[in-house]
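If you want the building blocks of each chain, they are given just below.
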Amino acid sequence: IDLGILATPLGHDALKETPLYEEPFLAYFSQKTTPPNGEFVRAEDLEKERLWLLEEGHCLRSQIANLCNMKKKQPANANLNYEAGSMESLLRLVDMNGGVTVLPLLSTQDFDSERRKQIKLFLDPIPARQISIVTYRHHIKEQIINALEQMIKDRVFPLLKDTGSVQIIEI
């Protein structure tokens, strides 16, 4: 593998991370669950007992656990006993059983109008994850990587900026 596009930082000395952009998180509430503050939410206001996550091993799970200050030794709640292996499964669990999950912005681009109504924005500071091109530190195909970096930015930035209500940090 010449490169990967990953949520970073990874913390591996052998890898070079070239940041592309910061992708904000959004809260997704079931129709059965009332958001705590109406249109906007704060991470600390999310009820951990009603929070649905991807299964262990997904980087998004650990990012959300960090966002919500969930400690490993915290007692398991009912929702954490039922973990999803994919984003679509996660959304279905929330829709069917109530509760909330946290999603990266780009995963919501294909939502229909009904699902969009279930999204709530975070208040400042808006939580986000860094997305980077990751290569081996001694990788020599710099021109290819630079061209890919520009292509990604050309395609992704318009999607991020079209949300209107979320400020995107260009790196």
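You'll find the structure just up there.
All of the points below concern the structure found in this document.

### Side note on the packing of aromatic side chains
Alright, step 1. Within this structure, the stated rule accounts for 2 aromatic pairs.
Alright, step 2. Between Tyr 21 and Phe 157, the aromatic rings sit 6.3 Å apart at their centres with planes inclined by 80 degrees, giving edge-to-face as the arrangement. Of this pair, Tyr 21 sits in strand β2 (residues 15–29) while Phe 157 is found in helix α4 (residues 142–161), placing the two residues 136 residues apart along the sequence.
Alright, step 3. Judged by its relative accessible area of 10%, Phe 157 falls in the buried class.
Alright, step 4. Here Tyr 28 and Phe 111 contribute two aromatic rings whose centre-to-centre distance is 5.8 Å and whose plane-to-plane angle is 70 degrees, an arrangement assigned as edge-to-face. Of this pair, Tyr 28 sits in strand β2 while Phe 111 sits in the loop between β4 (100–104) and α3 (113–116); the two residues are 83 residues apart in sequence, bridging distant segments of the chain. Comparing Tyr 28 with Phe 111 shows no difference in burial state: the two are buried.
Alright, step 5. The aromatic ring of Phe 111 is capped on one face by Arg 115, whose charged end is 5.6 Å from the ring centroid.

### A word on the side chain of Thr 101
Alright, step 1. Counting through the fold element by element, Thr 101 comes out in strand β4.
Alright, step 2. Among the polar contacts listed, one links the side chain of Thr 101 to the backbone oxygen of Trp 52, at a separation of 2.8 Å.
Alright, step 3. If near-sequence neighbours (up to four positions away) are discounted, Thr 101 is found in contact with Leu 26, Ala 27, Tyr 28, Leu 51, Trp 52, Leu 90 and Val 94.

### What to know about the pattern of salt bridges
When their charged atoms lie close together, side chains carrying opposite charge are able to pair.
Alright, step 1. The final tally for this structure, using the stated rule, is 10 salt bridges.
Alright, step 2. Residue Arg 115 is joined to Glu 88 by a salt bridge in which the shortest nitrogen-to-oxygen separation is 3.3 Å. Taken together, the residues span a long stretch of sequence, with Arg 115 in helix α3 and Glu 88 in helix α2 (residues 87–97) at a distance of 27 residues.
Alright, step 3. Under the relative-accessibility criterion, Arg 115 is labelled buried at 16%.
Alright, step 4. Of the residues examined, Glu 88 reaches a relative accessible area of 35% and is grouped as partly exposed.
Alright, step 5. As a salt-bridge pair, Glu 114 and Lys 117 come within 3.0 Å of each other at their nearest N and O atoms.

### What about α2?
Because an α-helix packs 3.6 residues into every turn, residues spaced three or four apart end up facing the same way.
Alright, step 1. Of the positions making up α2, those classed as buried are Leu 90, Leu 91, Leu 93 and Val 94. Here the buried residues of α2 occupy an arc of 160 degrees about the axis, which is enough to place them on one side. Summarising the geometry of α2, the exposed residues directed more than 90 degrees from the buried face are Arg 92 and Met 96.
Alright, step 2. Along its buried surface, α2 packs onto β2, β4 and α3.

### Side note on the pairing of β2
Alright, step 1. Burial within β2 is extensive, with 12 of its 15 residues counted as buried.
Alright, step 2. Relative to strand β6 (residues 128–136), β2 runs antiparallel, the two being bridged by 9 bridges. Bridged to Glu 17 within β6 is Val 134.
Alright, step 3. In terms of strand pairing, β2 meets β4 through 5 bridges, oriented antiparallel. Note on β4: the bridge partner recorded for Phe 25 is Pro 104.
Alright, step 4. Where β2 and strand β5 (residues 119–122) come together, 2 bridges link them in antiparallel fashion. Paired with Ala 27 across the strands is Lys 120, a residue of β5.

### Points about the nonpolar core
Alright, step 1. Residues Leu 20, Tyr 21, Tyr 28, Leu 103, Phe 111, Ile 152 and Leu 160 are the most contacted members of the largest nonpolar core, which totals 22 residues.
Alright, step 2. Those elements that provide at least two residues to this core are β2, α2, β5, β6 and α4.
Alright, step 3. Considering every element that reaches this core, the biggest residue donor is α4, with 5 residues.
Alright, step 4. The residues touching Phe 111, leaving out its near neighbours within four places in the chain, are Tyr 28, Leu 91, Leu 103, Arg 116 and Ile 119.
Alright, step 5. In this structure, Phe 25, Ala 27, Leu 46 and Leu 51 belong to the second largest nonpolar core, which totals 11 residues.

Conventions adopted
- Residues numbered from 1 in each chain as written.
- Predicted model: local features only at pLDDT ≥ 70, side-chain atom pairs only at ≥ 80, totals over all residues.
- Heavy atoms only, no water.
- Phe/Tyr/Trp six-rings, centres within 6.5 Å; stacked < 30°, edge-to-face > 60°.
- Helix = DSSP H or I, 4+ residues; strand = E, 2+ residues; numbered from the N terminus.
- Buried < 20%, exposed > 50% of the residue type's maximum accessible area, 1.4 Å probe, protein only.
- Lys NZ or Arg CZ within 6 Å of the ring centre and 35° of its normal.
- Polar contact = N/O pair within 3.5 Å; in protein donor to acceptor, adjacent residues only side chain to side chain.
- Contact = heavy atoms within 4.5 Å.
- Salt bridge = Lys/Arg side-chain N within 4 Å of Asp/Glu carboxyl O.
- Arc of directions from axis to C-beta.
- Pairing = 2+ DSSP bridges.
- Core = buried A, V, L, I, M, F, W, Y, C linked by side-chain atoms within 4.5 Å.

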